[in-house]
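What the coordinates show
Below are the chains, spelled out letter by letter.
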Amino acid sequence: NYRKVPYRVCWVVRSAAYPCGGMEYITDIANEMIERGIDVRVAVVGRGPQAKPLDPNGELRCGVINFETEEDFLKTFSARVFKNGVVISSTSEIALIVSKLIEIEKKLKAMLHVQSYEPDLLGKEHPAYEEFRNAFKLLPNVISSSHWITRKLIEEGINVIATISPGVDRRMFYPGNRTNG
């Protein structure tokens, strides 16, 4: 029995632990969406039963659903998270898992949240370079974290629907009286 919300969103991550810059960024966006009445979740997909989930970022204002393995995620996502909504892959590595999920669960929509251009982090000589480049094409829509990444992805023919730069907390950082230095 779903409550009335504008829409549902779930970020899929490998870890929701603090400190992690990427998870801090996701936390900021998720918390803002929650304040606007959106149903937000975070799904942690573990690498197996031996990998125990770490405590999630304490600033995150939504539930974290832990899945022990990718298989567990694919089999139980709709029962444990939601049956319809937007599933956001937090990295290109996870894009393959999310693309498999939307093949199984047809009511789900998917997108990729690109926070870095992983192929450049690896280098062209790395065996996984092309695999990471191709991962950007697995999901129909992409959100980017910087204009540089957006330009790079568009050059490669990727559908970037938004660029959401990391924010600044205006309660802490605000324009001051410059006459005093």
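Let me begin by describing the structure that accompanies this report.

About the thresholds
- Residues numbered from 1 in each chain as written.
- Predicted model: local features only at pLDDT ≥ 70, side-chain atom pairs only at ≥ 80, totals over all residues.
- Heavy atoms only, no water.
- Buried < 20%, exposed > 50% of the residue type's maximum accessible area, 1.4 Å probe, protein only.
- Helix = DSSP H or I, 4+ residues; strand = E, 2+ residues; numbered from the N terminus.
- Pairing = 2+ DSSP bridges.
- Arc of directions from axis to C-beta.
- Contact = heavy atoms within 4.5 Å.
- Disulfide = S-S within 2.5 Å.
- Phe/Tyr/Trp six-rings, centres within 6.5 Å; stacked < 30°, edge-to-face > 60°.
- Lys NZ or Arg CZ within 6 Å of the ring centre and 35° of its normal.

**Overview of the pairing of strand 3 (residues 64-67)**
- Here strand 3 shows a buried face lined by Ile65 and Phe67 and an unburied face lined by Val64 and Asn66.
- Inspection of the sheet shows strand 2 (residues 39-45) paired to strand 3 by 4 bridges, in the parallel sense. In the sheet register, Val44 faces strand 3, and the bridge partner there is Asn66.

**Regarding helix 2 (residues 70-80)**
- Residues of helix 2 that are buried: Phe73, Leu74, Phe77 and Ser78. Along the axis of helix 2, the buried residues cluster in a sector spanning 95°; they form a single face. Set apart from the buried face of helix 2 by more than 90 degrees, the exposed residues are Lys75 and Ala79.
- Contact partners of the buried residues in helix 2: strand 1 (8-13), strand 2, strand 3, strand 4 (85-89), helix 3 (92-104) and strand 5 (108-114).

**Some details on the state of the cysteines**
- Using the criterion set out here, one finds 0 disulfides in the structure.
- For Cys10, which is in no disulfide, the shortest distance to another cysteine sulfur is to Cys62 and amounts to 8.2 Å.
- With relative accessibility at 14%, the residue Cys62 sits in the buried group.

**A look at the environment of Phe67**
- Relative to the assigned elements, Phe67 resides in strand 3.
- With relative accessibility at 2%, the residue Phe67 sits in the buried group.
- It is 4.9 Å that separates the C-alpha atoms of Phe67 and Val45, two residues lying 22 residues apart in sequence.
- Aside from chain neighbours lying at most four places away, what touches Phe67 is Ala43, Val44, Val45, Gly46, Asp72, Phe73, Thr76, Phe77, Arg80 and Val81.

**Examining the packing of aromatic side chains**
- On inspection of all chains with the given rule, the structure shows 6 aromatic pairs.
- Taken together, a centroid distance of 5.5 Å and an interplanar angle of 90° make the contact between Phe77 and Phe82 edge-to-face. There is no split in this pair, since Phe77 and Phe82 are both buried.
- Judged by centre distance (5.2 Å) and plane angle (20°), the rings of Tyr117 and Phe136 are stacked. Residue Tyr117 is found in the loop between strand 5 and helix 4 (118-122), and its partner Phe136 is found in the loop between helix 5 (129-135) and strand 6 (142-144); the two are separated by 19 residues along the sequence. Summarising the burial analysis for this pair, Tyr117 and Phe136 share the class buried.
- Through a chain of ring-to-ring contacts, three or more aromatic side chains come together here, namely Phe67, Phe73, Phe77 and Phe82.
- Its end group placed over the ring of Phe67, Arg80 keeps NZ or CZ at 4.3 Å from the ring centre.
- Geometry around Tyr117 places Lys152 over its ring, the cationic atom sitting 5.0 Å from the centre.

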